[in-house]
Number of protein chains: 2
Amino acid sequence: MWRGIIEEYREFMPVSDKTPIVTLFEGNTPLYQAPKISAAVGAEVWLKFEGLNPTGSFKDRGMTMAVSKAKEDGAEVVICASTGNTSAAAAAYAARAGMKAVVVIPHGKVALGKLAQTIMYGAEIIEIHGNFDRGLEIVREISDTHPITLVNSVNPFRIDGQKTAAFEVCDTLGEAPNYLAIPVGNAGNITAYWKGFNEYRQARHSGKLPKMIGFEAAGSAAIVKGQPIPEPETIATAIRIGNPASWQQAVAAANDSKGKIDMVEDQEILEAYRLIASEGVFCEPASAASVAGVLKLSKQGTFSETDKIVCVLTGNGLKDPDNAIKHGVSIEPKVVDAKAEAVVKAIFG
Amino acid sequence: MWRGIIEEYREFMPVSDKTPIVTLFEGNTPLYQAPKISAAVGAEVWLKFEGLNPTGSFKDRGMTMAVSKAKEDGAEVVICASTGNTSAAAAAYAARAGMKAVVVIPHGKVALGKLAQTIMYGAEIIEIHGNFDRGLEIVREISDTHPITLVNSVNPFRIDGQKTAAFEVCDTLGEAPNYLAIPVGNAGNITAYWKGFNEYRQARHSGKLPKMIGFEAAGSAAIVKGQPIPEPETIATAIRIGNPASWQQAVAAANDSKGKIDMVEDQEILEAYRLIASEGVFCEPASAASVAGVLKLSKQGTFSETDKIVCVLTGNGLKDPDNAIKHGVSIEPKVVDAKAEAVVKAIFG
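In the annotation of an unreviewed UniProt entry, chain A is listed under the name Threonine synthase and assigned to Effusibacillus dendaii. What the UniProt record of chain A gives under Sequence similarities (unreviewed entry) is the line "Belongs to the threonine synthase family." Listed under Function (unreviewed entry) in UniProt, the entry text for chain A is "Catalyzes the gamma-elimination of phosphate from L-phosphohomoserine and the beta-addition of water to produce L-threonine."

Here is the structure:
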């Protein structure tokens, strides 16, 4: 059985024999061929489905590292200011480690239903009379002065965990693809993949490097627009970030790989979201930014028929089922008599 | 990369070179050690987390078989009368196969939000002026007379798919555990595991057989009570079934293995649900029936310290986040001033 990313890729990870490995066997996620998307794009498109990680997102890769190192350092508590996938991953890995997880959020601003998963894992929620930025300041200050480890994206070990997804892509395909397409929010994940592809090439596990193409949502496209967005807005909540923490690294990954950072409209994201589901894969709306971006670039003639393009799908659609109803598809069931012929007629028209 | 259960266990599967394999790389799910539950039970307890299958439940194992065989037979449509995990799996695998999936439900009785995942995958929902039993009659009739394959639990290939989870348990542990604990609803899954353990032992991949211990919810405990339950009621919706399709096979599995079918109260299920989450694993309430049952039997002195017990967790908690809020845990965040010392005080008390 797969032993989790640290054990499987130990030679590439900043751990020693003394590091207690806290794992939920994250990683080893499927890489799907996508015939419908390939036909639409005119190239060979694959989907790396990170939604099948233990807590339902790619954050688990970073969190196994962050929490293992926190435990090694003797921390008793991990803390973050997040309402999304980060807090769920932090809570699960803290539970696994026998540590406490604390999530700091603004009072009265967050529907606690969004934190259901996080709360189930036993995290403690603390609401402050202040906004998210103030929350982040506070958790930084606390982690400097107490046996508490900050596991927000500023935690440096998370990148090392997340880079393993690039290893897996190379292992499955035999080498790196021509393009790696990825949603860009805080921009940590594009940074991590680029690090992973480079390390794997240096270790001669892949003969080439992909072009990194990252996609922000148009309503929060700080990097594309060249300035922070004070009030970012997009349906793709997991990448609704106006001032990416890894801004410079993301730009470097795009430039060094001869790729680019581009943006996609919410409407394009939703179309891609539905198209991905038609391949049998249910992802978060934010995840669909990668496929939406590839569809956009394909119309500009970016790809050739023989290109292999891997699109990263960062999270599980079950994280956000309301969007499926609200924006994904119309629900208008046919209503018929309780007779076989009526049902058959409804099926075949 | 893992190729899905049919390819990985082909010698045990009723497929030929002519069978088109429709897969989302289901199976290969984690088997977690559970230190907290082990301490509570006084034996070595493991969790087989089926919630990390592609659509979030064990149904994917059966559905890869059912849809592959349907495609082999030339069917154009798969059909089921289900609102839960079966319909989601049917829709996803049909999408993968380029087939249509149809879900028949009673008109006006089902909150369509429950079908969000199924609808996203592109399934067609048909509501009839009739109840679930009538729906099942109709889909049976249609599948006898049209190029439409019924993928409800009466489909015989599903058991062959689901039995592979037993293979994986043996592969990970090196042999079968002493006990296999499992939720019982329609009773197909306990039947499948028992078949799997027997086939693997015959093939000499395991030296022994486990005792099969299955747990119904007390409010729908037809097998335990020895008669169908006309109006089954339990919080564990995925096993809320009053007249199990595989009743006789489940009883045979329990008897032949010297195990038993028992039942657990909703309150016990919810306690187990929370305990499982404290191990870092978020499952459906119904899944927790296996752990609840093991906790119950442990109080009766059933297990010895050296016993290995594998508890099957059938589905992902993300399928039913409302229950986490309603029944899982209380959400009462601490509210404090936006100051580091106030947050620290809230953390350490």
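From this point, the discussion proceeds with the structure in view.
> Looking at this structure, how should I read the packing of helix H9 (residues 188-202) of chain B against helix H11 (residues 247-256) of chain B?
A packed helix pair is summarised by two numbers, namely the angle formed by the two axes and the spacing between the axes. Residue and element names in this part refer to chain B. Contact geometry for H9 and H11: axes closest at 8 Å, N-to-C directions at 45 degrees. What the angle tells us is that H9 and H11 run oblique. You can see that H9 and H11 cross each other, and the crossing is left-handed. Along its contact with H9, which presents Ile190, Thr191 and Trp194, the element H11 presents Gln249, Ala250, Ala253 and Asp256. When its residues are assigned to classes, the contact of H9 with H11 shows 4 nonpolar, 2 polar and 1 charged.

> What should I look at first to understand the nonpolar core in this one?
One recurring pattern in soluble globular proteins is that nonpolar side chains are buried together. A:Leu47 and B:Leu47 are the most contacted members of the largest nonpolar core, which totals 140 residues. Contact partners of A:Leu47, with chain neighbours within four places excluded, come to A:Pro30, A:Leu31, A:Tyr32, A:Ala34, A:Ile37, A:Ile276, A:Val281, A:Val291, A:Cys311 and A:Leu313.

> Teacher, can you tell me more about the relation of the copies chain B and chain A here?
For the match of chain B to chain A, the screw axis carries a shift of 0.0 Å, the RMSD comes to 0.0 Å, and the turn is 180 degrees. The operation mapping one copy onto its partner corresponds to a two-fold rotation axis. By residue overlap, the copies meet face to face through one surface: 100% of the interface positions of chain B are interface positions in chain A.

> Hey, could you run me through the layout of surface pockets in this one?
Here the idea is plain: a probe the size of a water molecule rolls over the atoms and shows the empty space left. In this structure, the second largest pocket spans a volume of roughly 180 Å³. The wall of the second largest pocket is formed by A:Leu31, A:Gln33, A:Pro35, A:Trp46, B:Met1, B:Ile21, B:Val22, B:Thr23, B:Phe25 and B:Arg96. Across the lining of the second largest pocket, the residue classes break down as 7 nonpolar, 2 polar and 1 charged.

Conventions adopted
- Residues numbered from 1 in each chain as written.
- Chains lettered and ligands numbered in written order.
- Predicted model: local features only at pLDDT ≥ 70, side-chain atom pairs only at ≥ 80, totals over all residues.
- Heavy atoms only, no water.
- UniProt positions renumbered as here; feature names shortened; annotations may be inferred.
- Axes fitted to C-alpha atoms, helices over the stretch in contact; angles between N-to-C directions.
- Helix = DSSP H or I, 4+ residues; strand = E, 2+ residues; numbered from the N terminus.
- Parallel < 35°, antiparallel > 145°, perpendicular 65-115°, else oblique.
- Left-handed = near helix turned anticlockwise from the far one by under 90°.
- Contact = heavy atoms within 4.5 Å.
- Nonpolar A, V, L, I, M, F, W, Y, C, P; charged D, E, K, R; others polar.
- Core = buried A, V, L, I, M, F, W, Y, C linked by side-chain atoms within 4.5 Å.
- Buried < 20%, exposed > 50% of the residue type's maximum accessible area, 1.4 Å probe, protein only.
- Least-squares fit on C-alpha atoms with pLDDT ≥ 70 in both.
- 1 Å grid on protein atoms, 1.4 Å probe; cavity = no way out; pocket = protein on both sides within 12 Å on 5 of 7 lines; lining within 4 Å.
- Points joined across faces, edges and corners; volume = space filled by probe spheres on them.

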